[in-house]
Amino acid sequence: MTGPLLSVRGLTRTYGARIGCADVSFDLYPGEVLGIVGESGSGKSTLLSCLAGHQRPDAGAVLFRTAAGLTDTVTMAEPDRRRLARTDWAFVHQNPRDGLRMGVSAGGNVGERLMATGARHYGAIRDRATDWMGRVEIAADRIDDRPSAFSGGMQQRLQIARNLVTGPRLVFMDEPTGGLDVSVQARLLDLIRGLVRDLGLSVIIVTHDLAVVRLLAHRLMVMKSGRVVEAGLTDQVLDDPQHAYTQLLVSSILQV
Amino acid sequence: MTDQAYNFAYLDEQTKRMIRRAILKAVAVPGYQVPFASREMPMPYGWGTGGVQVTAACLVPEDVLKVIDQGADDTTNAVSIRKFFRRVSGVAVTEATTEATVIQTRHRIPETPLHAGQILVYQVPIPEPLRFLEPRETETRKMHALEEYGLMQVKLYEDIARHGTIATSYAYPVAVEGRYVMDPSPIPKFDNPKLSDSPALQLFGAGRESRIYALPPHTQVVSLDFDDHPFQPTKAAHDCDLCGAATSYLDEVITDDAGGRMFVCSDTDFCGGRRAVGHTGRLGTREAPNPTRGEGASPPPRGEGPGVGGHAGQRAEVVK
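These figures come from a predicted structure and were not determined experimentally. (Residues numbered from 1 in each chain as written. Chains lettered and ligands numbered in written order. Predicted model: local features only at pLDDT ≥ 70, side-chain atom pairs only at ≥ 80, totals over all residues. Heavy atoms only, no water.)

### So, the overall build of chain B
Stage number 1. Of regular secondary structure, chain B possesses eight helices and twelve strands.
Stage number 2. Per-residue burial over chain B gives 54% buried out of 320 residues.
Stage number 3. The contacts in chain B between residues at least 6 apart in sequence include a share of 61% that link residues at least 24 apart.
Stage number 4. About 13900 Å² of surface is accessible on chain B, with carbon and sulfur atoms providing 53% of the total. (Helix = DSSP H or I, 4+ residues; strand = E, 2+ residues; numbered from the N terminus. Buried < 20%, exposed > 50% of the residue type's maximum accessible area, 1.4 Å probe, protein only. Contact = heavy atoms within 4.5 Å. Areas by Shrake-Rupley, 256 points an atom, 1.4 Å probe, with all protein chains shown as cover.)

Printed below as a string of C-alpha cells:
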C-alpha cells in the first residue's frame, strides 16, 4: 500500500481558553509505530482521544485510509465512525477497567467485538476467544473467569486480546504499561512488540515512559503544553535531543 | 359504578391524549421505546403503573377489561387493578380471554390465542434490554439508534459459558421486524413465540422508566440466539395437575413440607375453561384425599366443571 494510513492536519482541541492540543500534524504509515511522549498535562491523551473519535477536535482533520481512500473521520457520520472504532481501530486504555467489561467473563470480553461485527456462532466465537487468550499468554482454562479475578498484567493483556480479535489496522494505546510493575511491563512490551510485528499493525502509543517508546516506537513526537515540540526517529530524538524540553526529558531518566 | 369524583378511567383527558400520542408513535415504530410523561398513579411503582396508564388511555366505555397477574385472574395485583378500573371507569370486567377487548397483563401472555381487535397491555419494570450490560442511558439510546446489538449477544454468550445453555428464562430479548431489540417484559420465554404475528395489538408500558413501546398486529418478532444454540421455549416437564393440559405454561405449587408439589396452569382462565368442558388432571378432583399421595386419587366424574371462580376454590381445597 502506498501513502499514509492516517494523516493528521492541524488538529486543535481547546478546553475553553485552555489548550488541550494545538496544531498537531503528522502522517502514520502502515506498520509504523508512533510514540507520543511528554509530561502530564502536555495534551497527549487529548490528542489520542481526538484521533480515536472519543472527542471532537475544534479544528483540523484526521484522515484515515478506508476502502474509499483517505476519509476525514471528524466529519464522518457517527455510525461510520463507530463502525471503524469496532473494526479497523482498537483502543487500549491505561486502566484495563475502562476497556473491559468487568462483569463479563474473559471469553465474553474477547468475543464482544466479534459479536458486534455479526458473529452468531457460539462455538466459533469461543474458539477465536480461546485462540486469542493463548496469544496473549492467558491460560485457556481462565476463559470463563471474570476479569476482576485477574491480575493487573493479565487484565491488560486481556484488553489487548479483546481489541485485536477483529484484526484492526490501527491501534491506539494510552499508557498501556502504566500501573504495572517492571517485570510485568517487560513481558507486556515483549508481547506488544511481537503482535505488532506479526500482525503488521500501525500503532499510536501515548506514554511518559521513554523506555517504552525506545523499545516499541519507530518514530517519536514530543509534546509540551499541547504542542509538538520535536518529532523524528526514536533513536535520533532520544540520543540527540534538539529542543530544550526534550533534553530535559531525556536527562530526567533515572539510571540504575 | 363509576366514581364520579374521577374522570373516566382516572386520568384526565389531556394526560390520556399525551399517552395516546406516545402509543401512536410506538405503534408506528415497532419496538422503539417512546418516552412519555409518566404520572403518579395511586399504586406503588412495580405494581403496574405503566400498564395502568396505557390501559387508561386505551379504555372506552364499551370495553371489556381483563387483568391478569402471572397468568392468574385472582391474585392481588390483578384483583386490585380490575377493581380500580371498575370503580373509575365503570367498564365491564371479565376473566375470559376471548370476551375481553383490553387485557392488562403482568408476566404472561394468555394461552388462549388472541384475536383481532384485542389489545394486550404489558406491565414493564425495565424496558431497556441492554440495561444490565450498559448502565448509561445515553449510550443505550445510541446503540438502539445505530443498531449496535452485539452487546445483547454477549449476555447470551455469558449464559452459555456459565450454564451450558441460554439460561435466560424470562424477559428474553427479541428483535422486532429485524430492527429494534426489545425487552418483552418479564414474560417466560415460553411465551416469546406468541409475540410474533399476533393478531392483537400489544402495548408495553413502563411507568417508573416513563417508556411506552408497542407491537402492532402481525409484527414479526424473533428471539435472539446463536446459530449453534437456537432459541428454545421451555416449560416444566409435566402436565397440569388440575386440567391435564400438556402444552400450557405451569406454576409449581408446594403443597406440604414433605416434598409434595403440584403443577398447575399459570393461566387460570385457560385451566378453568378446560375443566369446564371435562378435562381433568392428576389431582383435578374435589375428592382428592391427600395431595401428597396424589397418585392414589380417584379420577373425578367426567364432565364435572367448577362453578364461578371454581378454579381458585378448587386449588385451595387441593392444597389444603
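### As for the sheet that holds strand β9 (residues 219–224) of chain A
Residues and elements named next belong to chain A.
Stage number 1. The strand order β6-β7-β8-β3-β9-β10 describes an open sheet built from six strands, whose pairing is mixed. For this open sheet the edge positions go to β6 (89–92) and β10 (227–233), each flanked by a neighbour on one side alone. The mean inter-strand angle of the sheet, taken between neighbouring strand axes irrespective of direction, is 15°. (Pairing = 2+ DSSP bridges. Axes fitted to C-alpha atoms, helices over the stretch in contact; angles between N-to-C directions.)

### Some details on the environment of Ala161 of chain B
Stage number 1. Relative to the helices and strands, Ala161 of chain B resides in helix α5 (residues 150–163).
Stage number 2. For Ala161 of chain B, the residues in contact, after removing those within four places along its chain, are Tyr122, Arg126 and Asp144 of chain A.

### Some points on the side chain of Asn192 of chain B
All names here are of chain B.
Stage number 1. In this structure, Asn192 sits in helix α6 (residues 192–195).
Stage number 2. Using a relative accessible area of 1% as the deciding quantity, one classes Asn192 as buried.
Stage number 3. Of note is the side chain of Asn192, whose polar atom sits 3.1 Å from the side chain of Ser223.
Stage number 4. Residue contacts for Asn192: discarding those within four places in its chain leaves Tyr172, Val174, Pro184, Ile187, Ser223 and Phe231. (Polar contact = N/O pair within 3.5 Å; in protein donor to acceptor, adjacent residues only side chain to side chain.)

### Some thoughts on the interface of chain B and chain A
By a widespread convention, an interface's size corresponds to the accessible area lost as its parts come together.
Stage number 1. Of the residues lining the interface, 21 residues belong to chain B; the matching set on chain A comes to 22 residues.
Stage number 2. Roughly 1800 Å² of surface becomes buried between chain B and chain A when both sides are summed, with 55% attributable to carbon and sulfur atoms.
Stage number 3. Inspection of the region where chain B meets chain A yields five salt bridges.
Stage number 4. One salt bridge in this structure joins Arg82 of chain A and Glu148 of chain B, with 2.7 Å as the shortest N-O distance. (Buried area = accessible area lost by both parts, 1.4 Å probe. Salt bridge = Lys/Arg side-chain N within 4 Å of Asp/Glu carboxyl O.)

### Re the pattern of salt bridges
Stage number 1. Enumeration over the complete set of coordinates arrives at 35 salt bridges over all chains.
Stage number 2. The closest approach of N and O atoms between Glu32 of chain A and Arg219 of chain A, which form a salt bridge, is 2.7 Å. Of this pair, Glu32 of chain A sits in the loop between β2 (18–28) and β3 (33–37) while Arg219 of chain A sits in strand β9, placing them 187 residues apart in sequence.
Stage number 3. Note on Glu32 of chain A: relative accessible area 12%, which makes it buried.
Stage number 4. Salt bridges sharing partners connect three or more residues here, namely Arg101, Glu112 and Arg162 of chain A together with Glu134 and Arg136 of chain B.

### Let's talk about helix α4 (residues 137–145) of chain B
Stage number 1. Every buried residue belonging to α4 of chain B is among Glu139, Thr140, Met143 and His144 of chain B, and all of these are buried. Looking straight down α4 of chain B, one finds that the buried residues subtend no more than 140° of arc, so they occupy a single side.
Stage number 2. On its buried face, α4 of chain B is in contact with α2 (78–87) of chain A together with α5 and β7 (180–182) of chain B.
Stage number 3. Downstream of α4 of chain B by one or two residues, Glu147 of chain B has phi in the positive range, about 60°. (Arc of directions from axis to C-beta.)

### Brief notes about unusual backbone geometry
Stage number 1. Notably, Glu175 of chain A is not glycine yet its phi reads approximately 50°, a positive angle.
Stage number 2. Among the structural elements, Glu175 of chain A can be located in the loop between β7 (170–174) and α7 (182–199).
Stage number 3. Its identity as a non-glycine residue notwithstanding, His218 of chain B has a phi of 60°, on the positive side.
Stage number 4. For His218 of chain B, the position within the fold is in the loop between β9 (211–215) and β10 (221–223).
Stage number 5. Given a relative accessible area of 49%, His218 of chain B falls into the partly exposed group.

### Section: the nonpolar core
Stage number 1. Formed by 67 residues in total, the largest nonpolar core has its most connected members in Val110, Leu158, Ile160, Val171 and Val203 of chain A together with Tyr157 and Phe226 of chain B.
Stage number 2. Ranked by the residues each element gives to this core, the list is headed by α5 of chain B, at seven residues.
Stage number 3. Apart from residues no more than four positions distant in its own chain, Val171 of chain A is found in contact with Ala90, Val92, Leu164, Leu201, Ser202, Val203 and Ile204 of chain A.
Stage number 4. Grouped together as the second largest cluster of nonpolar side chains are 31 residues, Ile81, Ile119, Ile212 and Ala214 of chain B included. (Core = buried A, V, L, I, M, F, W, Y, C linked by side-chain atoms within 4.5 Å.)

### Remarks on the environment of Arg9 of chain A
Residues and elements named next belong to chain A.
Stage number 1. Take Arg9: it is sitting in strand β1 (residues 6–15).
Stage number 2. Considered as a pair, Arg9 and Leu188 are 179 residues apart in the sequence and their alpha carbons are 32 Å apart.
Stage number 3. Apart from residues no more than four positions distant in its own chain, Arg9 is found in contact with Val24, Ser25, Phe26, Asp27, Gly60 and Ala61.
Stage number 4. Side chain to side chain, Arg9 and Asp27 meet in a polar contact 3.0 Å long.

### A look at the packing of aromatic side chains
Stage number 1. Under the definition given, this model contains 13 aromatic pairs over all chains.
Stage number 2. Look at Tyr122 of chain A and Phe226 of chain B: their rings are 5.9 Å apart centre to centre, the planes differ by 70°, and that puts the pair in the edge-to-face class. Here Tyr122 of chain A, found in helix α5 (residues 122–135), pairs with Phe226 of chain B, found in the loop between β10 and β11 (250–254), and the two come from separate chains.
Stage number 3. For the pair Tyr32 of chain B and Tyr180 of chain B, a centre-to-centre distance of 5.5 Å together with 50° between the ring planes defines the contact as tilted. Of this pair, Tyr32 of chain B sits in the loop between α1 (13–28) and β1 (34–35) while Tyr180 of chain B is found in strand β7, placing the two residues 148 residues apart along the sequence.
Stage number 4. Among the residues examined, Tyr32 of chain B registers a relative accessible area of 27% and is labelled partly exposed.
Stage number 5. Exposure remark for Tyr180 of chain B: the relative accessible area of 13% places this residue in the buried category.
Stage number 6. Each residue in the set Phe64, Trp89, Phe91 and Phe172 of chain A is aromatic and connected to the rest through ring pairs, giving one cluster.
Stage number 7. One residue, Lys224 of chain A, lies across the ring of Tyr245 of chain A, its end atom 5.5 Å from the ring centre. (Phe/Tyr/Trp six-rings, centres within 6.5 Å; stacked < 30°, edge-to-face > 60°. Lys NZ or Arg CZ within 6 Å of the ring centre and 35° of its normal.)

### Some remarks on the packing of helix α6 (residues 152–164) of chain A against α7 of chain A
Residue and element names in this part refer to chain A.
Stage number 1. Remark: α6 packs on α7, axes separated minimally by 10 Å, with the N-to-C direction vectors making an angle of 15°. One element, α6, and the other, α7, form an angle in the roughly parallel class. Here α6 runs over α7; the crossing is right-handed. Along the contact surface, α6 presents Gly153, Gln156, Arg157, Ile160 and Leu164, while α7 presents Val184, Arg187, Leu188, Leu191, Ile192, Leu195 and Leu199.
Stage number 2. A per-class count over the contact of α6 with α7 returns eight nonpolar, two polar and two charged. (Parallel < 35°, antiparallel > 145°, perpendicular 65-115°, else oblique. Left-handed = near helix turned anticlockwise from the far one by under 90°. Nonpolar A, V, L, I, M, F, W, Y, C, P; charged D, E, K, R; others polar.)

### Concerning helix α1 (residues 44–51) of chain A
Residues and elements named next belong to chain A.
Stage number 1. Along α1, seven of the eight residues are buried, which leaves the element largely enclosed by surrounding structure.
Stage number 2. For α1, the set of buried residues is Lys44, Thr46, Leu47, Leu48, Ser49, Cys50 and Leu51.
Stage number 3. Of the residues flanking the end of α1, it is Gly53, one or two places downstream, whose phi is positive at about 80°.

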